[in-house]
Amino acid sequence: MDKRKIVNSVIMLMTLALTASCGKKQNDYAAYVDPFVGTGGHGHVYPGAVVPYPMIQPSPDTRVFGWDACAGYHYSDTTINGFSQTHLSGTGCSDYGDILIMPVIGTPAVIDRTDEESQQMPYASPFSHENETAEPGYYSVMLDTYGIKAEITATQRTAIYRFTFPQTDSATLIVDLDYNLDVFGIQRNDILALSAPSDTVIQGSKQTKGWAWEQAINFYAVTSQPFTCKLYTDTITTPNGKEPRAKAILTFPSLPDNTLLVKIALSGVDTQGAAGNMQAEMPGWQFDEVRKAARDEWNKALSRVEVETTDTEAMKIFYTSLYRASLCPNLFTDIDGRYMGMDRKIHTTDRPIYTIFSLWDTFRAYHPMMTIIDPKLNADFVNSLVEKYKEGGALPMWELASNYTATMIGYNAVSVITDAYVKGTRDFDIEAAYAGMKKSSNGDTTGIIVPRAFMPYLQPESKRLKERLGYVPCDKENEAVAKALEYAYDDWCISVFAAATGHDEDTAAFAQRGRYYKNYYDASTGFMRGKDSKGKWRTPFNPYASNHRDDDYCEGIAWQWTWFVPHDVQGLVDLMGGKEAFVTKLDSLFYNETPLQGDNVSADISGLIGLYAHGNEPSHHIAHLYNYVGYPEKTQAMLDSILYSQYRIDPDGISGNEDCGQMSAWYILNSIGIYQVAPGNPVYSIGRPIFDHVAIPLESGKTFTITVNNNTRQNKYIQKAELNGTPLAAPFITHEDIMSGGQLVLDMGSAPSQIWKE
C-alpha cells in the first residue's frame, strides 16, 4: 500500500473514531475525498488545490500532449514539468495549461523543448506518489531532482505556493508563459507579453488559438522575497511552426528559512484585474490560513447532501463524486465584476458569470442535480448561458473561456434552461432565452462571432433538412441519427418552455419536431437507423459497428442510441411493439456480449455492461427505462450493478472521462435513489439507493430526506415505498415533492417484490 492510501486510511479511521466518541455525525466531509480518483485511466481529472467552481486551478502537470494530457496530469507518470494555473476537469479535448511555474536549483542549461517526442520539459523533476498529497484545497509533492517541497492552496481567483528549498544560494523559479497542454495538437500561442515591474512582481498576458479559438488569460504574481530576473521574449520554432516565446528565470539570492512563497492571480480581462483579484482575496501571506479557509469552503459545498452508511468505501466515492461535481463550471468574473464576453468585449456585471459548459454531458444529470442541491447557483449558470447568447448570437453548445467551440451535438442549453424554468428558476432574461432557443433549433447563425471553420457545426444542412424532410439524412450529415435524436429531445424542451412562457403559437410546432425521432426507427431491425435523402435506410447496417465521430452515431452504436427518446418513453415502447418487446430488447442491451466492431471503434464507448456503456453519456438514462414499463426490479438490479462496478476509490476509478461533473452527478443521484430521465419533465425515477439515510438541506430551510430500511449490499430490491407516510403508487416522485421537504422511506429486501407491478 502506498503512502497516499495509508494516510487516507488513517484519516478515515480517525474520522470514524471521532464520530463514535462524539455520538454524532462528523462534519469534515472533505476527509472522505480523494482528488486522485480519475487521474488515471481516461478520467482526465487534475489533483491540484482548488476551491469550488474556481477561476484558478493550480495543479501539477506531468505531460504535454495526447488524449490523457487533457488535465495535464496522469497518475501513471513519474515526472512533473511544473505547475500551471488553468486546467479542464474530465474533458475529451485539451486546452489550458496556462502560466507554468517550476522551482529549481540554479539556472537550467536548456529551458525549451528539444525532444519533440518527450512528455518532459528540460527542467522537469521525478517525483514519487509516496511523497505526494492531495486533499480538497491543498496539494503537495517533493520534487526529487531539486529536493524542493512544493505546496499549493487557493481562493477562487488566486493561488499561493509554498516552496521549501534545501540550503542553497541559487534558488530559482521558472515562469513559462508559452507552455501549454497540446503541443502537437491545434493549440498555438498568438500573443505573449511578460514583464517584471519590480523585484517582487511578475505579470503577463497570453492569447492562444486552439480548442478555444481565442482564449485570453492574464496573470499577476508576487513573490515573498526579491528576485533578479532574466526574460526571454522572442520567437522560436515549435511543432506548430514559429511562435512567440515568453519565459522568465527568477533567481533569489536569499531565502529566509529556505522558504519561498508565490501568489498568482488570474483575470480574463487584464493584468490590473488579476492584481485586483489578488488584493481582494489574498492580501497577505498566510498560507496555512488560506488552506484552512479552502477546506472550510469545501466542507460547506460538500454538506449540500448528507449521507449516512457504515460502508466507508461508499462514503468516499460519494463525497469524492460531489467534490468532482463542484470543480466546474468555473467563475469568469473579476472581483470588480468585469469579464470577457462572447463578443470579445469587456462587460461589467453585478452577477457572477461562469465558463466551461460541457452541455452535451451535463444536461443529463449534473444540472438536474444542481436544481435540487444548489438551485441559486444553477440559476447563475442559466443566466450565464443566456447572457452568452445575448453577447455572441447563439446559445453555446460547449463554451470555453467565452468561445464557441461548437463541440459535440445537439443544442442542449435549451434542456438546461427549460428544466430550471419548470422547476421555478425565473431570474434570467426569459424572452432572450426563448429567442436563443428558436435560433438554435432553426440553425440561425446571424451575428455569431466564430471562426469560419466552425460554421458548418453551427448551421448544418441537417437543421434545415430536418424541417423540410422531417428527418436528418445520413448522406448529407455525419452522425445524423444521434444528432436527430438530440434535436427531437431539444425541440420537445422548447415546446415545454414555449407552453410555460406563453408562446402558444410555437408550442405545437416544436412538439411535433419532438416526435421526429419516429422517422429513424426501423422496425425490421429494431434500431434507430440512418435514412438518406431519398428515404432509403442506411445499407449495409451493423448495430455493433463504430467508426469514431464518422458514422451515423456519436461516440456510440445503434444499440446505445436507439434508447435516446427520454421525453417520450411510451412512444418508443409503441414503436418497439409494446411493453414485452421493449423489455426483451432492453434485456438484450445489458446481456449482449457481442464485441464492438470496426477499425476505429470509439474509445469513448467504455464501462461496458453487455452493450450498455456507462463510460459515455448517451447510456446514462437507460437503466431507468424498466420503471416505465412495470419492471422496477430490473431497474433496481441494473443500477446496483452499475453503482458497484463503475465507481471505485482508485486513480482509475471512473469508467470514462469525468466530463465536467456528469459522471459524478450520475453517481450522486443514483446512489441516493433517484434520477431524472428527461430534464424538462420535473419527475424523478426511483432506483436503488445505497445509503441508509440521506438529508438534503433546501434553500427554503426545509430538508428532504430519504430513509432506507434493511439496507445491505444484498438487499437491492425495494419492498415498500412511502412518501410522507403515503404509499407511492409508482416508482416516481416529483421535483415539488423534494423541494417541499418531504420524507421518502424505502424498505429493502433480497428478492424482487410485487411493488409497482402491473
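Owing to the predicted nature of the structure, the values given are computational and were not obtained by experimental measurement. (Residues numbered from 1 in each chain as written. Predicted model: local features only at pLDDT ≥ 70, side-chain atom pairs only at ≥ 80, totals over all residues. Heavy atoms only, no water.)

### A few points about the pattern of salt bridges
If the charged atoms of two oppositely charged side chains come close together, the side chains can form a pair. Quick note on the threshold: Each salt bridge in this description consists of a side-chain nitrogen of Lys or Arg and a carboxyl oxygen of Asp or Glu lying within 4 Å of one another. A run of H or I in DSSP becomes a helix once it reaches four residues, and a run of E becomes a strand once it reaches two; helices and strands are each numbered from the N terminus. Here the term buried applies to any residue with accessible area under 20% of the maximum for its type, exposed to any over 50%, and partly exposed to those in between, with areas from a 1.4 Å probe on protein chains only.
Inspection of every chain in the model, using the stated rule, returns 38 salt bridges. Between Asp506 and Lys438 there is a salt bridge, with the nearest N and O atoms lying 3.1 Å from each other. Here Asp506, found in helix 13 (residues 504-513), pairs with Lys438, found in helix 9 (residues 430-442); they are 68 residues apart in sequence, far enough to count as distant. Under the relative-accessibility criterion, Asp506 is labelled buried at 12%. With its nearest N and O atoms 3.6 Å apart, the salt bridge here joins Glu722 to Lys720. On the accessibility criterion, Lys720 (41% relative accessible area) is partly exposed.

### Things to note about the environment of Glu117
Under the convention used in this document: In what follows, residue pairs with any heavy atoms lying within 4.5 Å of each other are defined as contacts.
Its place among the elements puts Glu117 in the loop between strand 4 (100-105) and strand 5 (125-126). The exposure class assigned to Glu117 is exposed, which follows from its relative accessible area of 64%. On a C-alpha basis, the gap between Glu117 and Phe184 in space is 9.6 Å, while along the polypeptide they are 67 residues apart. Apart from the residues within four sequence positions on either side, Glu117 is in contact with Phe65 and Phe184.

### Looking at the side chain of Gln560
Threshold: Pairs of N or O atoms are called polar contacts if they sit within 3.5 Å, as long as, within protein, a hydrogen donor faces a hydrogen acceptor (for residues adjacent in sequence, only side-chain-to-side-chain pairs).
Inspection of the secondary structure assignment puts Gln560 in helix 14 (residues 558-561). A distance of 2.9 Å separates a polar atom in the side chain of Gln560 from the backbone oxygen of Leu611. Those residues within four positions of Gln560 in sequence are excluded, and the remaining contacts are Ile605, Leu608, Leu611, Ala613, Pro618, Ser619 and Ile622.

### Some details on empty space enclosed by the protein
Going by this rule: A pocket here means an open set of points on a 1 Å grid, computed over the protein atoms alone, that has protein on both sides within 12 Å along at least five of seven lines. A cavity is instead a set of points where a 1.4 Å probe fits but cannot get out; residues with an atom within 4 Å of a point line either one. Grid points are joined across faces, edges and corners, and a volume is the space filled by probe spheres set on the points. Each residue gets one label: Ala, Val, Leu, Ile, Met, Phe, Trp, Tyr, Cys and Pro are nonpolar, Asp, Glu, Lys and Arg are charged, and the others, such as Gly, are polar.
Applying the stated criterion across every chain yields a total of nine cavities of 30 Å³ or more. Taken as a whole, the largest cavity encloses approximately 120 Å³ of empty space. Along its surface, the largest cavity is lined by 16 residues, and Met55, Thr86, Tyr96, Ile217 and Phe332 are the ones closest to its centre. Counting residues per element, the ones that place at least two in the lining of the largest cavity are strand 13 (215-223), strand 16 (259-267) and strand 18 (330-331). It is strand 13 that provides the largest number of residues to the lining of the largest cavity, a total of three residues. Within the lining of the largest cavity, the residues separate by chemical class into nine nonpolar, seven polar and no charged.

### What to know about the sheet that holds strand 32 (residues 693-697)
Worth spelling out the cut-off: For two strands to be treated as a pair, DSSP must find no fewer than two bridges joining them.
The mixed open sheet is built from six strands, whose spatial order is 17-32-33-37-34-35. A single partner strand is all that each edge strand has here, and the edge strands are strand 17 (306-308) and strand 35 (726-727). One ladder, built from five bridges, connects strand 33 (residues 703-709) with strand 37 (residues 743-749); its direction is parallel. Along strand 37, the bridge assignment pairs Thr705 with Gln743.

### Observations regarding the UniProt feature "domain: Glycosyl hydrolase family 92 N-terminal" (unreviewed entry) in the chain
Filter applied, for reference: UniProt positions are given in the numbering used here, feature names are shortened, and annotations may be inferred rather than shown by experiment.
The feature "domain: Glycosyl hydrolase family 92 N-terminal" (unreviewed entry), as given by UniProt, occupies residues 32-267 in the numbering adopted here. The straight-line gap between the two end C-alpha atoms of residues 32-267 is 32 Å; of that span, 0% is helix and 45% is strand.

### Digging into the pairing of strand 37
Of the strand pairs in this sheet, strand 34 (residues 717-723) and strand 37 are connected by six bridges, and their pairing is antiparallel. When the bridges of strand 37 are listed, Leu723 appears paired with Leu744.

### So, the environment of Asp68
Here Asp68 shows up in the loop between strand 1 (59-61) and strand 2 (79-80). For Asp68, a relative accessible area of 15% translates into the label buried. Along the chain, Asp68 and Pro473 lie 405 residues apart, while their C-alpha atoms are 34 Å from each other. Aside from chain neighbours lying at most four places away, what touches Asp68 is Gly41, His42, His44, Arg63, Tyr73 and His74. For Asp68, the side chain forms a polar contact with the side chain of His44, separated by 2.6 Å.

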